[in-house]
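# Coordinate analysis (summary)
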Amino acid sequence: MTISTDLLSDIIKQAIKRGATDAEAIASEATEFSVEVRLGEIEKLQEAASRGIGLRVLCEGRQASCSTSDVSPEGIEELIANAVEMAKRTSVDEAAILPAREEMAMEIADLGLFDVAIAELSPERKIEMARTVEDAARSFDPRIANSEGGACHTKVGKMTLVNSLGFAGQYPATTCNLITVPIAKEGEQMQVGFWGDRQRKLAALDSPETIGKEAARRALRKLGGQQVATQEVPIIFENGAAEDLLGDFFDAVEGGAIFRRSSFLVGQLGELIASPLLTIVDDGTIRSALGSRPFDGEGLKTRRTVVVENGVLKSYLLDCYTARKLNLSSTANASRGLTGAPSVGVGNFFISPGVHTPEEIIASVKDGFYVTEMIGFGFNAVTGDYSRGAAGLWIENGKLTSAVEEVTIAGNLKDMLKGIEMVGNDLRFRGNIAAPTLKLNRMMVSGK
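Bear in mind the structure is a predicted one, so any value in this text is a computation, not a measurement.

## A few points about the pattern of salt bridges
Considering all chains together, one arrives at 23 salt bridges under this definition. Between E232 and R442 there is a salt bridge, and its shortest N-O distance comes to 3.9 Å. Taken together, the residues E232 in strand β8 (residues 231-237) and R442 in strand β20 (residues 438-446) connect sequence positions 210 residues apart. Using a relative accessible area of 46% as the deciding quantity, one classes E232 as partly exposed. Among the charged side chains, a network of salt bridges with common partners joins E214, R217, R218, R221 and E238.

## Structural notes on the sheet that holds strand β9 (residues 280-283)
The mixed open sheet is built from five strands, whose spatial order is β11-β10-β9-β14-β19. With one partner strand each, in any of the chains shown, β11 (312-313) and β19 (433-434) form the two edges of the open sheet. In this sheet, strand β14 (residues 349-351) lies alongside β9 in antiparallel orientation, the contact comprising three bridges. Counted as the bridge partner of I280 is I351 from β14. Strand contacts of helix α6 (residues 239-253): β9, β10 (304-309), β11, β14 and β19, with the helix running at about 120 degrees to β14, the strand carrying the most contacts.

## Re the packing of aromatic side chains
Summed over all chains, the structure comprises seven aromatic pairs. Consider the rings of F250 and F349, whose centres lie 6.0 Å apart with planes at 75 degrees: the pair is edge-to-face. Residue F250 is located in helix α6, and its partner F349 is located in strand β14; the two are separated by 99 residues in the primary sequence. Assigned by exposure class, F250 and F349 land together as buried. An angle of 75 degrees between the planes, with centres 5.5 Å apart, marks the rings of F350 and F429 as edge-to-face. With F350 in strand β14 and F429 in the loop between β18 (420-423) and β19, this pair connects stretches of sequence that are 79 residues apart. You can call F350 buried: its relative accessible area is 10%. Every member of this aromatic cluster is reached through a ring pair, and the members are F167, Y171 and F295.

## Considerations on the nonpolar core
F237, F249, V253, L265, F349, F369 and I409 are the most contacted members of the largest nonpolar core, which has 52 residues in total. When neighbours within four sequence positions are excluded, F249 is seen to be in contact with L265, I273, I280, V307, V308, F349, L413 and L417. Membership of the second largest hydrophobic core comes to 24 residues, among which are I3, L7, I11 and I80.

## Comments concerning the state of the cysteines
Enumeration over the complete set of coordinates arrives at zero disulfides. For C66, which is in no disulfide, the shortest distance to another cysteine sulfur is to C59 and amounts to 12 Å. Classification of C66 as buried rests on a relative accessible area of 11%. Unpaired in terms of disulfides, C152 finds its nearest cysteine sulfur in C176, a separation of 4.2 Å.

## Details of the packing of helix α4 (residues 123-138) against helix α5 (residues 208-220)
When two helices pack together, you describe them by how their axes are tilted relative to each other and by the distance separating the axes. Interhelical geometry of α4 versus α5 gives an angle of 40 degrees and a closest axis separation of 7 Å. If you check the angle between α4 and α5, you find them oblique. α5 is crossed by α4, and the crossing has right-handed handedness. Residue-level contacts link M129, T132, V133, A136 and A137 of α4 to P208, E209, I211, G212, K213 and A216 of α5. Looking at the contact of α4 with α5, its residues break down into seven nonpolar, two polar and two charged.

## Remarks on the pairing of strand β5 (residues 168-186)
When strand β4 (residues 144-163) meets β5, the two strands line up antiparallel, connected through 16 bridges. Counted as the bridge partner of G150 is T180 from β5. Taken together, β4 and the strand that follows it, β5, pair antiparallel across an intervening segment of four residues, in which G166 is found at a positive phi of about 105 degrees. Alignment of β5 against strand β7 (residues 195-199), held across five bridges, turns out to be antiparallel. The residue of β7 that forms the bridge with L178 is D197.

## As for the side chain of S65
Within the element layout of this structure, S65 appears in strand β3 (residues 62-68). A polar side-chain atom of S65 sits 2.7 Å from the main-chain amide nitrogen of G340. When neighbours within four sequence positions are excluded, S65 is seen to be in contact with L55, R56, M86, T339 and G340.

## Concerning unusual backbone geometry
Even without being glycine, R261 reaches a positive phi, approximately 60 degrees. Among the structural elements, R261 can be located in the loop between α7 (255-259) and β9. Take R261: its relative accessible area is 63%, and that puts it in the exposed class. Although it is not a glycine, S288 adopts a positive phi angle of roughly 65 degrees. With respect to the helices and strands, S288 occurs in the loop between β9 and β10. Judged by its relative accessible area of 16%, S288 is buried.

## Structural notes on the pairing of strand β2 (residues 41-59)
Pairing between strand β1 (residues 22-38) and β2: 17 bridges, direction antiparallel. Bridge pairing in β2 places A23 opposite V57. Counted along the chain from β1 to the antiparallel partner β2, the turn is two residues long, and its residue L39 has a positive phi close to 55 degrees. Taken together, β2 and the strand that follows it, β3, pair antiparallel across an intervening segment of two residues, in which E60 is found at a positive phi of about 50 degrees.

Parameters and conventions
- The numbering scheme is per chain: residues are counted from 1 as the chain's sequence reads.
- Since the coordinates come from a predicted model, pLDDT governs what is reported: local features require at least 70, and pairs of side-chain atoms require 80 or more to be given and counted, while whole-chain, interface and lining totals use all residues.
- Based on all heavy atoms of the structure, the side-chain values leave hydrogens and waters out of the count.
- The salt bridge definition used is simple: a Lys or Arg side-chain nitrogen within 4 Å of an Asp or Glu carboxyl oxygen.
- For the purposes of this entry, the term helix denotes a DSSP run of H or I that reaches at least four residues, the term strand denotes a run of E that reaches at least two, and both are numbered from the N terminus.
- Burial status follows relative accessibility: with a 1.4 Å probe on protein chains alone, a residue under 20% of its type maximum counts as buried, one over 50% as exposed, and anything between as partly exposed.
- Strands pair, by our definition, only if DSSP identifies at least two bridges between them.
- By definition in these notes, contact holds between two residues if any of their heavy atoms fall within 4.5 Å.
- What counts as an axis is a line fitted to C-alpha atoms, over the stretch in contact for a helix, and the angles between N-to-C directions run from 0 to 180 degrees.
- What counts as a ring pair is set by centres within 6.5 Å for rings of Phe, Tyr and Trp (its six-membered ring), and what kind of pair is set by the plane angle: stacked under 30 degrees, edge-to-face over 60, tilted for all other angles.
- Nonpolar cores were defined as sets of buried Ala, Val, Leu, Ile, Met, Phe, Trp, Tyr and Cys residues, with membership established by side-chain atoms within 4.5 Å.
- Count a disulfide wherever a pair of cysteine sulfur atoms falls within 2.5 Å.
- By the definition adopted for this analysis, an angle is roughly parallel if under 35 degrees, roughly antiparallel if over 145, roughly perpendicular if from 65 to 115, and oblique otherwise.
- Crossing handedness is defined as follows: a turn of the near helix away from the far one that is anticlockwise and smaller than a right angle gives a left-handed crossing, while the clockwise case is right-handed.
- Amino acids are sorted into nonpolar (Ala, Val, Leu, Ile, Met, Phe, Trp, Tyr, Cys and Pro), charged (Asp, Glu, Lys and Arg) and polar (every other residue, Gly among them).
- Nitrogen and oxygen atoms within 3.5 Å of one another constitute a polar contact, given that in protein one can donate a hydrogen and the other can accept it, and given that sequence-neighbouring residues count only through two side-chain atoms.

Note that every value here comes from positions in space, so none of it alone points to a role or purpose.
Structure (C-alpha cells):
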C-alpha cells in the first residue's frame with residue numbers, strides 16, 4: 001500500500017474533528033539496499049523497506065506529535081487519538097502555528113531528485129560496484145596492505161506532506177552512496193584512508209575506480225605522520241575540511257541559536273563578519289542536488305538564500321517557528337522527521353567558489369599547515385572559540401611535504417572568518433554541505 005495525499009488529508013480531518021485547531025501529516029516511504037564487502041567477500045547484505053506516518057496537531061497554541069508504521073485503520077485511529085490528547089496536555093507556545101497559507105508552495109517543482117537508473121540497479125550490479133571500489137584501492141600501491149572494505153548503499157523513497165490549510169505535496173527521491181576504506185602500511189605504521197561519493201543521479205557519481213584510487217592516495221599520504229612544534233602559521237583547509245568548518249558556522253547562523261541568544265552572530269545582520277572574499281549560500285533548488293526539495297518540512301517553497309555576501313551577514317537560516325520568534329520571515333529551511341516539531345536545517349549549504357586552484361593556494365604559503373581532516377568537536381557558538389583536532393600535511397616553500405597528525409588547531413571563528421585570504425575554485429557537492437579550499441592568514445597549531 002502506498003501512502004496517498006488523500007489518506008493524510010483524511011487523518012487531518014479526523015484530528016480536527018477530535019479537537020485540533022490545525023494539523024499536518026507527513027509520510028515517508030523508502031526502500032534501502034546496502035552491501036559491504038571486505039577483501040572481495042560480502043560481509044553484509046541487506047534490503048529493507050520502511051513506511052511511516054507522522055502527525056503534528058495544534059490545539060490553540062499547544063502542540064504534540066506522534067508517529068506510526070501501522071497504517072491500518074486501527075493504527076491510524078490510535079495515532080490521531082494520542083496526538084490530540086497529548087497536545088491538550090502541553091503548555092501554550094504562541095509561536096507554534098502553521099505557516100500562513102500564502103507562504104506555502106503553490107506548485108510542486110520537479111527538481112530531478114529521482115533517477116530511474118538508481119531505482120533499477122540490480123543487486124548484482126551494486127555488489128560489483130562495492131567490490132570494484134575496494135579492488136581499485138587495494139591495487140593502487142603495494143603499500144595498501146589491508147582494507148576495511150567497500151560499500152554501496154542506495155535509497156529509493158518518497159516524501160508526502162499535507163496540512164489543514166490546504167497544502168498537499170509529494171515527491172520521490174533517490175540516492176546512491178559508494179565508499180571504500182583502505183589501510184596503508186609502511187614499516188610498523190599503518191594509516192586508514194577514506195573516500196566516497198553520494199549523488200542523486202547515477203551518472204553524476206564518481207566511478208568506483210576513481211573513488212578507490214583517491215581513497216588509497218589519501219591513506220598513503222598519511223604515512224609517516226607526526227606532530228609538529230606548537231606555532232602560529234597560515235592554515236589551508238582542504239575542501240573536505242572546509243566543509244566541516246562550514247558545518248560549524250551553521251550552528252551559529254541557524255535561527256534556534258539566534259533567538260536563544262546562544263550565537264556570536266546575534267544582532268549582526270548587515271554587519272561585516274568575514275573577509276570580503278567569503279560568500280555563503282543556502283539553496284534548496286539546485287537541480288538533482290542532495291539537499292534540494294520542492295518544499296521544506298512545513299510546505300514552503302524552497303529557495304536560494306544568500307547568508308553571507310562578500311563578508312556581510314545578510315540572513316539567518318530560519319523555519320517558521322524561529323522566524324516568528326525573531327519577527328522575521330522563514331527562509332524555507334524547516335527540516336523534520338516523522339516525530340517532533342520542525343527544526344532549522346540546510347538545503348544545499350555552500351561557500352561560493354573563488355578563482356584560485358588548490359595548487360595556487362598551496363604555493364602561496366612558505367611555511368604552514370594544510371588541513372585534510374578534522375577530528376572531534378570543539379566549537380562554542382556563543383563565543384566563537386574554536387579548537388579541534390586536525391591532521392594533514394606540512395607546507396614548506398609552497399609545497400606539501402611531511403604528514404602531520406595528533407595536533408590541535410585553535411582560534412576564534414570571528415577572527416578565522418575575517419582572516420580568509422584565498423578561496424579555491426574546487427567546489428563540488430558530495431553531500432548537502434560543500435566548500436572549496438580555503439586559506440586563512442594564521443591559526444595556532446598545538447603539537448609537541
